[in-house]
Amino acid sequence: MARYLILATCALLLLGGCGSSEPTSDTRVVVFGVDGLDPELLQERIDRGMLPNFARLVEVGTFEPLQTSWPPQSPVSWSNFITGTNPGKHGLYDFIHVDRANYGVLSSMSTTEPVGLQVSLMGYDMPLTGGAQLSTRQFPAFWEVMSEAGVPVYVHRMPANYPMPETTAVTFPDMGTPDLAGAASGKAFLWTESADRSEKDSDSYYIRKAAVNRLPLQMAGDGRAVVKVPLRIYGPPDTAKSIIGVLMGRIEELGRQRREAEALGNDTLVAEIGTEIGELNAQMASEQEVFTTFDAFIDYTGAEPQVTVQIGDHFGIAQVGTWTDWVPVEFSVMGGMVALSGYTRFLLKGDEPFELYASPIQVDPWNPVFEVSTPAEAAVELADAIGPYYTQGFPDAYKAYKADLLNTAEFVSQSDTVLEERKEMMHYACDQLESNGGCLFFYTGSLDLRSHMLWWAQDDLHPNQEDPGPAIDDPDYSEAAQQIDRVYVQVDEALGELLARIEKMEAEGKGPVELIIMSDHGFAPFRRKMHLNDWLLQEGYLVLKDGAEPGMIAVSGKTEDGEIDWDSSIVDWSKTKAYVVGFNGIILNREGREPQGIVTDAEADVLLDEMRDKLLSLRDEDGATVLTTIRKASEVFSGPMTDVAPDLQLGFNVGYGASDETAVGEITGDAVIVDNVSRWSGSHLMDPELVRGTIIVRSGATLSKDPALEDITATLYKEFNVVPPADMDGKPLF
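Cut-off values and rules
Residues numbered from 1 in each chain as written. Predicted model: local features only at pLDDT ≥ 70, side-chain atom pairs only at ≥ 80, totals over all residues. Heavy atoms only, no water. Helix = DSSP H or I, 4+ residues; strand = E, 2+ residues; numbered from the N terminus. Rg over C-alpha atoms; globule rule 2.2 N^0.38 Å. Buried < 20%, exposed > 50% of the residue type's maximum accessible area, 1.4 Å probe, protein only. Contact = heavy atoms within 4.5 Å. Areas by Shrake-Rupley, 256 points an atom, 1.4 Å probe, with all protein chains shown as cover. Pairing = 2+ DSSP bridges. Axes fitted to C-alpha atoms, helices over the stretch in contact; angles between N-to-C directions. Core = buried A, V, L, I, M, F, W, Y, C linked by side-chain atoms within 4.5 Å. Salt bridge = Lys/Arg side-chain N within 4 Å of Asp/Glu carboxyl O. Phe/Tyr/Trp six-rings, centres within 6.5 Å; stacked < 30°, edge-to-face > 60°. Lys NZ or Arg CZ within 6 Å of the ring centre and 35° of its normal.

Q: Now, about the overall build of the protein: what can you tell me, with residues and values included?
A: The secondary structure content of the protein amounts to 20 helices and 33 strands. For the protein, whose C-alpha radius of gyration is 26 Å, the value lies close to the compact-globule estimate of 27 Å for 734 residues. Dimensions along the principal axes, computed over C-alpha positions, put the protein at roughly 80 × 80 × 60 Å. Each of the 734 residues in the protein was classed as buried or not, and the buried ones make up 58%. Counting contacts in the protein only where the partners sit at least 6 residues apart, residues at least 24 apart contribute 69% of the total. Summed over its atoms, the accessible surface of the protein is roughly 29000 Å², and 50% of this surface lies on carbon and sulfur atoms.

Written out as structure tokens, the structure reads:
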């Protein structure tokens, strides 16, 4: 990722912008995408009188449950809508895909092409070809086709659209778009002097101890003083140095030597090699570390303590429990040859003990290190209009909340800010539609993420209510149980503003304007989680080597010549028939497809039928049905990508889902079905019929069929008289 960022930066320095006249259209259609908008929850809140704008729209329009995707996961569902096809044609089956080179984990939404030619410059490896991130989507997006046909298209935040394909449409990506550090869901920061927290790194956050010298407070006597806290904030690792490759090569060689020593039973040599590997890993981490120093000043001279954060010449100010405005931050990489700039916001969680949180660093839209819009200047124009904004996908801080870096009130306040920012983007997008006509897609994900993270607070049957665990950390935060109601009200208010803009356009003779509200899926409780790889192990479909302990099924070691070291795997692939990587599918260890496959095509159907029968008869300890619908991939998908889909598609019952450990290919050694005590307590990764999405059509048009996501795409093509791509699945609804 860092190599790609550096290349992108260099390219942006060389390339100049070019302008062209914008297309226009007398037809105007708005699609308001509300992630996770559930038709039953929506109707219930309309009936309670909470949602006046939805109520007004439903009264005059058409309101139906919407068929979601198999499986009902956001990258899959939105890709169905983006392309008008099923996953057998667009190729996305899950949040997580299996790496069929080694049974490991891959992103479903993007891939990185291999580095080709490279040169060494001042100790850095500079790739001249390759290294770019590419979209995995295998079918054209509707805006690509429509814009090529001359239709103005404005796509403001589309999930599963990073990296963005080349297009003349104006597009901004959402889910899957990384922060400045390259983290797909963002990497947050917490500095703390609390004795209850330890320093820690993960894929989604840093926790660092803060050294707070409180001597000025003692000297002042009355406690009115300013305390300076020196800190550092981290950027993307600098992986381009030639020494990194040397260190990695040495670590791999030592790994081979350690395995040989283990085989010989030489424990002393094993320990010595392990120590050297640890030292080399620490050296490599140090060589890659990129950071900027800054100061936080805790100010006790006013009525309330506050913090002033100073990064270079820039400042941010916040009191306890509040956020600063955006603060710019810059990192120097490649020996100072390249500067990477971004923005973050700080939250003062507490002054004694001191705790300061920072949002993941967003790409600077005025000086992006990688493109965050098409055309590139669209990001600049949006920033000129509304100021710095969240460029990463899924900006609501759900991962920081899940990891307890934020409490419930702090998560809600951050999510509120995201939703307010989205409304600013919405008005900017409406300006574009008003001027030029065409098709506008506008997206918000806050309702989805709050439903995921806060379901426990309003679900009396959730394990976190019966036996409060880590999720129930805010006993004094009495509003937690009302937050899902509240976010529905906030989306209703955004809808009211959108309707006002549409009615204004129509009053000015620029109508009629069609409005379609859609969601990718609905929502349900997630109370019990299933370790699917543990079930496969229990039933004999997945086999460990003699003496192997539970762990990750993927192998990570390599032989001396760079090949996969299958001896380092805990799994006996010569006896394993099935495994799971991802949330909703079981994958056969197929001969000719998997690297160590043993299941033949002739055996596959019988094996799938056998597993399906067992899983459908599976009951929880209270007798509840765990899975309600299970289908073979060939029964739900069609197209050239069907053969690489998980072979068995799992439709969980309400209340159930696969565990996070399952998704990344782990065998836990735990019970097969256990309580879900995570804050991630609502879900939709279930039987698609149990979590249908929503469609509302403002004009009240009669729908020609039971609507599906792909049909909305076909309807857009028809509304603008654009010929859709051949082999599209969707059918026009009007």
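Q: Which residues make up unusual backbone geometry, and what values go with them?
A: With omega at -15 degrees, the peptide bond leading from W70 into P71 counts as cis. In this structure, P71 sits in the loop between β2 (62-66) and α4 (74-83). Omega for the bond connecting Y162 with P163 falls within 30 degrees of zero, at 0 degrees, which places this linkage in the cis form. Along the chain, P163 falls in the loop between β9 (153-158) and β10 (170-173). The phi torsion at R157 lies on the positive side, around 75 degrees, for a residue other than glycine.

Q: Lay out the sheet that holds strand β16 (residues 306-311) in plain terms, naming residues and giving numbers.
A: Pairing within the open sheet is antiparallel, and its four strands lie in the order β14-β15-β16-β17. The open sheet terminates on both sides in strands that have one partner only, identified here as β14 (226-234) and β17 (314-319). Ignoring which end each strand starts from, the neighbouring axes of this sheet average 25 degrees apart.

Q: Could you give an account of the environment of K200, with specific residues and numbers?
A: Within the secondary structure, K200 sits in strand β12 (residues 200-201). A C-alpha to C-alpha distance of 9.7 Å links K200 and L190, two positions 10 residues apart in sequence. When neighbours within four sequence positions are excluded, K200 is seen to be in contact with Y205, Y206, I207 and R208.

Q: Any details on the nonpolar core? Residues and values, ideally.
A: Soluble globular proteins: nonpolar side chains tend toward being buried together. Ranked by internal contacts, the top residues of the largest apolar core, which has 84 residues, are F54, W191, F354, L356, L515 and I517. Y401, L454, A480 and F720 belong to the second largest nonpolar core, which has 52 residues in total.

Q: Mind laying out helix α16 (residues 532-539), listing which residues take part and the relevant values?
A: The α-helix advances 3.6 residues per turn, and as a result positions three or four apart in sequence lie on the same side. Looking only at α16, the buried set comprises L532, N533, D534, W535 and L536. Trailing α16 by a residue or two, G540 shows a phi angle of about 90 degrees, which is positive.

Q: Summarise the pattern of salt bridges; cite the residues concerned and give the values.
A: Inspection of the entire model under this criterion finds 46 salt bridges. Three or more residues joined by partner-sharing salt bridges are found here, namely R100, R590, R593, E594, D601 and D647.

Q: Mind laying out the sheet that holds strand β27 (residues 585-588), listing which residues take part and the relevant values?
A: Pairing in this open sheet of four strands is antiparallel, and the strands run β26-β27-β29-β28 from one edge to the other. Whereas interior strands pair on both sides, the edge strands pair on one side only; in this sheet they are β26 (578-579) and β28 (627-632). Here β26 pairs with β27 via two bridges, running antiparallel. Counted as the bridge partner of A578 is L588 from β27. Contacts from helix α17 (residues 601-616) reach β26, β27, β28 and β29 (648-652), with the element oriented near 175 degrees to β28.

Q: Kindly report on the packing of aromatic side chains, identifying the contributing residues and their values.
A: Two numbers describe a pair of aromatic rings. These are the distance of the centres and the angle of the planes. Across all of its chains, the model carries 29 aromatic pairs by this definition. Ring centres of F394 and Y398 lie 6.4 Å apart, and the angle between their planes is 80 degrees; on these two criteria the pair is classed as edge-to-face. Here the two residues F394 and Y398 agree in accessibility, since each one is buried. Seen from the ring of Y488, R45 lies directly overhead, with NZ or CZ sitting 5.0 Å from the centre. It is R232 that lies over the ring of F291; its NZ or CZ is 3.6 Å from the centre.

Q: I'd love a proper account of the pairing of strand β18 (residues 327-333), names of residues and values included.
A: The alternating pattern of β18 places V327, V329, F331 and V333 on a buried face, while none of P328, E330 and S332, on the opposite face, is buried. One ladder, built from seven bridges, connects β18 with strand β19 (residues 338-344); its direction is antiparallel. Bridge pairing in β19 places V329 opposite G342.

Q: For the side chain of D485, give the residues involved together with the corresponding values.
A: As for its position among the elements, D485 is in helix α15 (residues 483-507). Ignoring any residue separated from it by four or fewer positions in sequence, one finds D485 in contact with R45, R48 and M50.

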